[in-house]
Amino acid sequence: MNPKTVEALETMQKRLGQINHDLQSEELLKDIKKFTELNKERASLEEVVEKFEQYQVAVKMIEEAKEILANEKDPEMVELAKLELDENSALLQPLISVIEELLLPKDPNDDKNVIVEIRGAAGGDEANIFAGDLFRMYKLYAEEQNWKITVLDAYLSEAGGYSQVSFMIKGERVYSKLKFESGAHRVQRVPKTETKGRIQTSTATVAVLPEMTDVEIEIKTADLRIDTYRASGAGGQHINTTDSAVRITHIPTGVVAASQDGRSQHDNKDIAMTMLRARIHEAESQKQQAEADATRKSAVGTGARSEKIRTYNYPQNRVTDHRVGLTLNKLDQVMEGKIDEFITALINEEQRQKVAEQLNESQS
């Protein structure tokens, strides 16, 4: 393990010991705020310190076993030392991996529900059909994860699929698994309308936005322009003859959200506000990302809609994620919601990169 990482862990170990000592003080019980803060800090340190102490024990046992092997002549003691050395050596790397993961900075949005927006992009009707295929893929994946999915807004395409569909997914750690799906998804296949069997390349864009509360994203009523209109055309699930559809514009940023699929104007306003908060947060995040040093951008992508992240090749039953270089020859299964291999690879790459960044910072 990197010496500076060990030094940082030893500091955390000492700090935990000090906290445990302080929490036994009767005086501290009189200061509820301080007592709560220390308990919170202890909770953040306990797991990584516990793993570090297991690592320390394993290192000590390895050193003792090596010393016995270097000096002991008794065959029985030598055999026991060899067993001790092998057992503890096998523990080291898994412990190091767990400790490094626990030391990684946590994404504050990982536990959040998400709003997913899919739009047909380049390719006309075929792009919209593919947008519908992606919606089905995520719906099946959500069902496998026991997540709840709710359509917020949808605009059906006459040829099939959607020109745009937005939906909420609620469940356990949804954003942590779906956040890398943002970007341009490219499909290569023969369209249903193609009479000569030529392969066409089309794209659909996906945006995965963490659900934000009104506390996290404060929006002043005075900054909003709210328009109502009559839902019309393909897409509204509850199209009626009243002005129930709602479009909300956030004047300072120009961000717009609209909904027509709710059963009432009130429903549509709530849905539009939910999407508006998520989009304002996304716009601010993208702005911060653009201002960041290009060398520090995530290797697994920026999450921009324009960034090509994955290609779905139907003739060869192949799917390739361009960020991690992973190719799977089972597109048929992927389109049935079996996307865990990509998600796992992307999470692992993010963790690998964070570990590398921390190592570089500790050595600089």
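Procedures and definitions
Residues numbered from 1 in each chain as written. Predicted model: local features only at pLDDT ≥ 70, side-chain atom pairs only at ≥ 80, totals over all residues. Heavy atoms only, no water. Helix = DSSP H or I, 4+ residues; strand = E, 2+ residues; numbered from the N terminus. Contact = heavy atoms within 4.5 Å. Areas by Shrake-Rupley, 256 points an atom, 1.4 Å probe, with all protein chains shown as cover. Expected span 1.5 Å × (residues − 1). Buried < 20%, exposed > 50% of the residue type's maximum accessible area, 1.4 Å probe, protein only. Arc of directions from axis to C-beta. Pairing = 2+ DSSP bridges. Axes fitted to C-alpha atoms, helices over the stretch in contact; angles between N-to-C directions. Parallel < 35°, antiparallel > 145°, perpendicular 65-115°, else oblique. Left-handed = near helix turned anticlockwise from the far one by under 90°. Nonpolar A, V, L, I, M, F, W, Y, C, P; charged D, E, K, R; others polar. Core = buried A, V, L, I, M, F, W, Y, C linked by side-chain atoms within 4.5 Å. pLDDT = per-residue confidence, 0-100. Phe/Tyr/Trp six-rings, centres within 6.5 Å; stacked < 30°, edge-to-face > 60°. Lys NZ or Arg CZ within 6 Å of the ring centre and 35° of its normal. Salt bridge = Lys/Arg side-chain N within 4 Å of Asp/Glu carboxyl O. Patch = residues over 30% accessible without salt bridge, like charges linked within 9 Å, V, L, I, M, F, W, Y side chains within 5 Å.

Peer 1: Explain the overall build of the protein to me, and be specific about the residues and the numbers.
Peer 2: Each helix and strand counted, the protein has 8 helices and 11 strands in total. Within the protein, contacts between residues at least 6 apart in sequence are counted, and of these 63% link residues at least 24 apart. Put simply, the protein shows about 20,200 Å² of open surface, and 49% of that area lies on carbon and sulfur atoms.

Peer 1: Lay out helix α1 (residues 3-22) in plain terms, naming residues and giving numbers.
Peer 2: The first and last C-alpha atoms of α1 sit 29 Å apart over 20 residues, in line with the 28 Å expected at 1.5 Å per residue. Val6, Leu9, Met12, Leu16 and Ile19 are the residues of α1 that are buried. Around the axis of α1, the buried residues are gathered within 140° of arc, so they sit on the same side. Set apart from the buried face of α1 by more than 90 degrees, the exposed residues are Pro3, Glu7, Thr11, Lys14 and His21. Looking at the packing, one finds that the buried side of α1 touches α2 (32-71) and α3 (75-103).

Peer 1: Which residues make up the sheet that holds strand β7 (residues 245-250), and what values do they have?
Peer 2: A sheet is described by the order of its strands in space; here 3 strands give the open sequence β6-β7-β8, paired in antiparallel fashion. Taken across any chain shown, the strands that pair with only one partner, and hence form the sheet edges, are β6 (224-229) and β8 (255-259). For this sheet, the mean angle separating the axes of adjacent strands, direction not counted, is 15°. With 5 bridges connecting them, β7 and β8 associate as antiparallel partners. Within the sheet, the bridge partner assigned to His250 lies in β8 and is Val255.

Peer 1: Describe in detail the environment of Val98, supporting the description with residues and values.
Peer 2: Locating Val98 in the fold gives a position in helix α3. What makes Val98 partly exposed here is its relative accessible area of 33%. Considered as a pair, Val98 and Phe52 are 46 residues apart in the sequence and their alpha carbons are 9.5 Å apart.

Peer 1: Run through the packing of α2 against α3, naming residues and quoting values.
Peer 2: Packing of α2 against α3 leaves a shortest axis separation of 8 Å and a crossing angle of 155°. Considering the angle they form, α2 stands roughly antiparallel to α3. Remark: the crossing between α2 and α3 carries left-handed chirality. The residue makeup of the contact of α2 with α3, split by class, is 21 nonpolar, 3 polar and 5 charged.

Peer 1: Before we move on, could you go through the nonpolar core and cite the residues and values that matter?
Peer 2: Note on soluble globular proteins: their nonpolar side chains tend to be buried together. Counting 33 residues, the largest nonpolar core has Ile118, Leu134, Ile169, Leu178 and Tyr312 as its most contacted members. Broken down by secondary-structure element, the contributors of at least two residues to this core are β1 (114-120), α4 (125-144), β3 (162-170), α5 (174-178), β5 (200-210), α7 (331-334) and α8 (340-363). Leaving out residues up to four positions away in the same chain, Tyr312 has contacts with Phe130, Leu134, Met137, His185, Arg186, Val187, Gln188, Arg318, Val319, Leu331, Val334 and Met335. Listed in part, the 21 residues of the second largest apolar core include Met12, Leu28, Tyr55 and Ala65.

Peer 1: Can you explain the confidence of the model for the protein? Please cite residues and give values.
Peer 2: With 87% of its residues at a pLDDT of 70 or more, the protein has an overall mean of 84. In the predicted structure, residues 234-239 sits below a pLDDT of 50 and forms 18 contacts with residues beyond four places in sequence or in another chain. Low confidence marks residues 293-297, where pLDDT is under 50. Its contacts with residues over four positions away, or in another chain, come to 6 contacts.

Peer 1: With reference to specific residues and values, describe the packing of aromatic side chains.
Peer 2: Applying the stated criterion across every chain yields a total of 5 aromatic pairs. Geometrically, the ring pair formed by Phe135 and Tyr162 is edge-to-face, given 5.6 Å between the ring centres and 85° between the ring planes. Taken together, the residues span a long stretch of sequence, with Phe135 in helix α4 and Tyr162 in strand β3 at a distance of 27 residues. There is no split in this pair, since Phe135 and Tyr162 are both buried. With a centroid separation of 4.9 Å and 55° between ring planes, the pair formed by Phe135 and Phe167 is classed as tilted. With a gap of 32 residues between them, Phe135 in helix α4 and Phe167 in strand β3 connect regions that are remote in the sequence. Like Phe167, Phe135 is buried. Ring-pair connections join several aromatic residues into one group, and the members of that group are Phe135, Tyr162 and Phe167. Across the ring face of Tyr314, the terminal group of Arg189 is positioned such that the distance to the ring centre comes to 4.7 Å.

Peer 1: Give me the lowdown on the pattern of salt bridges, citing residues and values where you can.
Peer 2: Applying the stated criterion across every chain yields a total of 17 salt bridges. A salt bridge links Arg15 to Glu41, with the shortest nitrogen-to-oxygen separation between them at 2.8 Å. Here Glu41 lies in helix α2 and Arg15 lies in helix α1, a separation of 26 residues in the sequence. Measuring nitrogen to oxygen at the nearest pair gives 2.9 Å for the salt bridge that ties Asp111 to Arg173. Within this pair, whereas Asp111 is found in the loop between α3 and β1, its partner Arg173 is found in the loop between β3 and α5, the two being separated by 62 residues in sequence.

Peer 1: An account of a nonpolar patch on the surface is needed here, citing residue identities and associated values.
Peer 2: Nonpolar side chains collect at one region of the surface, where Met77, Leu80 and Leu83 lie side by side and expose about 260 Å² of accessible area between them. Here Met77 shows up in helix α3.

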